[in-house]
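Observations on the three-dimensional arrangement
Spelled out from the first residue to the last, the chains are:
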Amino acid sequence: MSDPSSVIDDLHRESEELDLLVRDLAEVRWSLATPAAGWSVAHQIAHLAWTDRSALLAVTDAEAFAEEVEKAIASPGGFVDEGAEEGALLPPATLLADWRSGRKALEEALRAAPTGTRFPWYGPPMSVASMATGRLMETWAHGQDVADALGVTRTPTDRLRHVARIGVRARDFAFHVRGLTPPATEFRVELRGPKGELWTYGPEEAAQRVTGPALDFCLLVTQRAHRGDLAVRADGPDADRWLDIAQAFAGPPGQGRASKGDAR
């Protein structure tokens, strides 16, 4: 993406939409459990604030960010939860203010970054656009957890296109992180957007393909819903395997979510 301003604009809008869900939330409701085991609404916002701070360090102070990476290496299974737990202990008003100021600082830093700049991250280095896209994906995914906890149904937007794109591009990573060999050829992915338009990825003549609603695909690759509860379909054995392990986020394999049928 030559001009990252559009995805930064969408990141801003996605953050504002989540902010609307929590800005007037009674203090007691910040402790509501979300679908992520052990995480309350406060944990979700605290995680976003923590990750925004990490991203800001990566953009503005690579040396300081390298120290954060060392902490992550020292506690690979716990550093994310520890960051969320620390923030969740803050009074909700303080946590909300911290999240707002942090995301504003990150947005300003991304807009000011010279074209072509790449930043260190917990995985491969990130361009301005990829950093903004990653933050949008996380904001949307953790926003879904908050919405579920509050019993709110969100209206899908075209911003899902960014989440879907990461999910498609992260296909091989999902295999690698599980010690599996990625398929040798690309898949065709055809997703129906919120307005009925078709979003396509990969060669049209691909032997294997994935189809379905863009919302369901995004819920799948962010592991916010079980595959069995979604209308995403695979044609081909490798594509079918991918849908079982897909993840759009960096780091170790996620635990995913249980099927709604398991609760019955």
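In this numbering scheme, every chain counts its residues from 1 along its sequence in written order. Given that the model is predicted, a residue must reach a pLDDT of at least 70 before its local features are reported, and side-chain atom pairs must reach 80 or more before they are shown or counted; all residues, however, enter totals for whole chains, interfaces and linings. Note that water and hydrogens are dropped before the side-chain values are worked out from all heavy atoms of the structure.

Our focus in this paragraph is the overall build of the chain. Note on conventions: DSSP H or I runs of at least 4 residues are helices, E runs of at least 2 residues are strands, and numbering of each starts at the N terminus. Across its full length, the chain carries 10 helices and six strands. With the radius of gyration taken over C-alpha atoms, the globule rule is written as 2.2 Å times the number of residues to the power 0.38. By the compact-globule yardstick of 18 Å for 264 residues, the chain fits well, its C-alpha radius of gyration being 18 Å. Counting across all 264 residues of the chain, residues that qualify as buried make up 47%. For the chain, the share of sequence-separated contacts (at least 6 apart) that also reach a separation of at least 24 residues comes to 65%. Here the accessible surface of atoms and residues is derived via Shrake-Rupley with a 1.4 Å probe, and residues count as covered only by protein chains that are part of the display. A total accessible area of about 13,100 Å² is found for the chain, and carbon and sulfur atoms account for 52% of it. Partly exposed describes any residue whose relative accessible area lies between the buried limit of under 20% and the exposed limit of over 50%, with all areas from a 1.4 Å probe on protein chains only and scaled to the type maximum. The criterion used for residue contact is that any of the two residues' heavy atoms lie within 4.5 Å.

The working definition used for a salt bridge is a side-chain nitrogen of Lys or Arg within 4 Å of a carboxyl oxygen of Asp or Glu. Evaluated as defined, the whole model comprises 23 salt bridges. Measuring nitrogen to oxygen at the nearest pair gives 2.7 Å for the salt bridge that ties R13 to D10. Placement of the pair is R13 and D10 together in helix 1 (residues 5-22), with a separation of three residues, close to one helical turn. The residue R100 makes a salt bridge to D19 at a minimum N-O spacing of 2.8 Å. Of the two residues, R100 is situated in helix 5 (residues 92-112) and D19 in helix 1; the sequence distance between them amounts to 81 residues. With relative accessibility at 1%, the residue D19 sits in the buried group. A single network of salt bridges, built from pairs that share partners, joins E16, D19, R23, R100 and R103.

With that settled, consider the packing of helix 6 (residues 128-150) against helix 7 (residues 160-169). Relative orientation of the contacting elements helix 6 and helix 7 amounts to 105°, with a least axis distance of 9 Å. Considering the angle they form, helix 6 stands roughly perpendicular to helix 7. In contact with T133, G134, L136, M137 and W140 of helix 6, helix 7 contributes L160, H162, V163 and I166. Considered class by class, the residues forming the contact of helix 6 with helix 7 number six nonpolar, three polar and no charged. To get an axis, fit a line to the C-alpha atoms, keeping to the stretch in contact for a helix; angles then go from 0 to 180 degrees between the N-to-C directions. An angle below 35 degrees is read as roughly parallel, one above 145 as roughly antiparallel, one from 65 to 115 as roughly perpendicular, and any other as oblique. Gly falls in the polar group here, along with every residue not listed as nonpolar (Ala, Val, Leu, Ile, Met, Phe, Trp, Tyr, Cys, Pro) or charged (Asp, Glu, Lys, Arg).

A separate point is helix 10 (residues 237-245). Every buried residue belonging to helix 10 is among A239, W242, L243 and I245, and all of these are buried. In this structure, the buried residues of helix 10 make contact with helix 7, helix 8 (171-176), strand 3 (188-192), strand 5 (209-213), helix 9 (214-221) and strand 6 (233-235).

Only Phe, Tyr and Trp rings are paired, with Trp represented by its six-membered ring, and only when their centres lie within 6.5 Å; those with planes under 30 degrees apart are stacked, over 60 edge-to-face, the remainder tilted. One pass over the full model with this rule turns up five aromatic pairs. A centroid spacing of 4.9 Å and a plane angle of 65° characterise the contact between W121 and Y122, whose relative ring orientation is edge-to-face. A relative accessible area of 27% places Y122 in the partly exposed class. An aromatic cluster is built from F65, W121 and Y122, whose rings are joined through pairwise contacts. Lysine and arginine charges are scored as sitting over a ring when NZ or CZ, respectively, is within 6 Å of the ring centre and within 35 degrees of the ring normal. Lying over the aromatic face of W99, R103 brings its terminal NZ or CZ to 4.2 Å of the ring centre. Lying across the ring of F187, R171 places its NZ or CZ 4.4 Å from the centre.

On to the packing of helix 2 (residues 41-60) against helix 6. Their axes nearest at 9 Å, the elements helix 2 and helix 6 cross at an angle of 170°. As the angle between them shows, helix 2 and helix 6 are arranged roughly antiparallel. Across the interface between the two elements, V41, Q44, H47, L48, T51, D52, A55, A58 and V59 of helix 2 pack against M131, R135, E138, T139, H142, D145, V146 and A149 of helix 6. Across the contact of helix 2 with helix 6, the residue classes break down as eight nonpolar, five polar and four charged.

Another point: the nonpolar core. Residues belong to one nonpolar core when they are buried, are Ala, Val, Leu, Ile, Met, Phe, Trp, Tyr or Cys, and are joined through side-chain atoms within 4.5 Å. Within the largest apolar cluster, 51 residues are counted, with the highest numbers of intra-cluster contacts made by L110, F119, M131, L191, V210, F217 and W242. No other element matches the eight residues that helix 6 contributes to this core. Residues within four places of L191 in sequence aside, it is in contact with A164, E197, L198, W199, Y201, G212, P213, A214 and F217. In terms of nonpolar packing, the next biggest core, distinct from the first, is built from 17 residues, L18, V22, L48 and V146 among them.

Now for the environment of L21. Along the polypeptide, L21 turns up in helix 1. For L21 and G143, which are 122 residues apart along the polypeptide, the C-alpha to C-alpha distance reads 8.7 Å. Residues contacting L21, with those up to four places away along its chain left out, are G143, V146, A147, L150, V152 and R154.

Attention now moves to the side chain of H43. If you trace the backbone, H43 turns up in helix 2. We define a polar contact as two N or O atoms separated by no more than 3.5 Å, with the added condition that, inside protein, one atom must be a possible hydrogen donor and the other a possible acceptor, whereas residues neighbouring each other in sequence contribute only through side-chain atom pairs. Within the structure, the side chain of H43 is placed 2.8 Å from the side chain of S40, a separation counted as a polar contact. Beyond its immediate stretch of four places on either side in the chain, H43 contacts G38, A84, E85 and A88.

Scope: geometric values only; no functional claims are made or implied.
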